[in-house]
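# Summary of structural features
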Amino acid sequence: MNRSPLDLEARAHSEHAHELRLWLRLLTCSQLIEKRVRTGLREVFDTTLPRFDLMAQLERHPEGLKMKELSHRLMVTGGNVTGITDQLVNEGLVERMGVDGDRRAFRVRLTDHGRASFVDMARQHEQWIVEAFEGMSPRDLESLHRLLGKVKQQQLELNRRLDAEDPT
């Protein structure tokens, strides 16, 4: 059988804990959907997911964000944000502005052209996500959402406990 390199479930066997198999299925589903989105962004908009993600953050903050805030929100290094920002500035999609009182800091925001471009990308992105789940009934979607919400809540509580115990 020819398995996709993204099929993490292939690593699990029936003797593995059900939780492990479930985790691998979640990862596989996430990676398969992400692959579709990455391919679509590249083919339709000639852009990348990191560029889309940066623009999405800026779309939520019309006043712009400092580079450090962008780095934190995207969970990437400042160098990654700088590289992506440089590309988007060169294409006229974002602009850099100085920050009052801090000559070393910059705020980045979408240009009008960038906002219009992002709206088109976001509409198509949403459609790809809707298509990813189109084989599921509304009831199944609601059940999956509710169950994943329980997993999320449990993990948040576990992380809070672990953070409280961390001596550093």
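These notes cover the structure that comes with them. On a predicted model such as this, the values are computed, not experimentally measured, just so you know.

## Describing the side chain of T28
Its location among the elements puts T28 in helix α1 (residues 18-45). For T28, a relative accessible area of 5% translates into the label buried.

## Here we look at the side chain of T85
Position of T85 among the secondary structure elements: in helix α4 (residues 78-90). Using a relative accessible area of 0% as the deciding quantity, one classes T85 as buried. Sequence-distant contacts of T85, that is, excluding residues within four places in its chain, are made with L54, M67, V94, R96 and V108.

## Considering the pairing of strand β2 (residues 94-99)
Bridging between β2 and strand β3 (residues 102-110) involves six bridges; their strand directions are antiparallel. Note that in β3 the partner of G98 across the bridge is F106. Between β2 and the antiparallel strand that follows it, β3, lie two residues; G101 among them carries a positive phi value of about 85 degrees.

## Quick look at the packing of helix α2 (residues 49-60) against helix α5 (residues 112-132)
Taken N-terminus to C-terminus, the directions of α2 and α5 make an angle of 115 degrees; their axes are 10 Å apart at the nearest point. As far as their axial angle goes, α5 and α2 are roughly perpendicular. Pair α2 / α5 crosses with left-handed handedness. Here α2 contributes F52, M55, A56 and E59 to the contact with α5, which in turn contributes G114, R115, F118, M121, A122 and H125. In terms of residue class, the contact of α2 with α5 is made up of six nonpolar, two polar and two charged.

## Describing the pattern of salt bridges
Enumeration over the complete set of coordinates arrives at five salt bridges. The closest approach of N and O atoms between E91 and R51, which form a salt bridge, is 2.7 Å. Taken as a pair, E91 in the loop between α4 and β2 and R51 in helix α2 lie far apart in primary sequence, 40 residues in all. Taking the relative accessible area as the measure of exposure, E91 reaches 42% and is therefore partly exposed. Between D86 and R96 there is a salt bridge, and its shortest N-O distance comes to 2.3 Å. Of the two residues, D86 is situated in helix α4 and R96 in strand β2; the sequence distance between them amounts to 10 residues.

## A closer look at the nonpolar core
In this structure, L41, L54, M55, L58, L70 and L88 are the most contacted members of the largest nonpolar core, which totals 22 residues. Elements with a contribution of two residues or more to this core: α1, α2, α3 (67-74), α4, β3 and α5. Top element by residues in this core is α2. It accounts for six residues. Ignoring sequence-local partners within four residues, the contact set of L70 consists of L54, Q57, L58, L65, V81 and V108.

Cut-offs and rules
Residues numbered from 1 in each chain as written. Predicted model: local features only at pLDDT ≥ 70, side-chain atom pairs only at ≥ 80, totals over all residues. Heavy atoms only, no water. Helix = DSSP H or I, 4+ residues; strand = E, 2+ residues; numbered from the N terminus. Buried < 20%, exposed > 50% of the residue type's maximum accessible area, 1.4 Å probe, protein only. Contact = heavy atoms within 4.5 Å. Pairing = 2+ DSSP bridges. Axes fitted to C-alpha atoms, helices over the stretch in contact; angles between N-to-C directions. Parallel < 35°, antiparallel > 145°, perpendicular 65-115°, else oblique. Left-handed = near helix turned anticlockwise from the far one by under 90°. Nonpolar A, V, L, I, M, F, W, Y, C, P; charged D, E, K, R; others polar. Salt bridge = Lys/Arg side-chain N within 4 Å of Asp/Glu carboxyl O. Core = buried A, V, L, I, M, F, W, Y, C linked by side-chain atoms within 4.5 Å.

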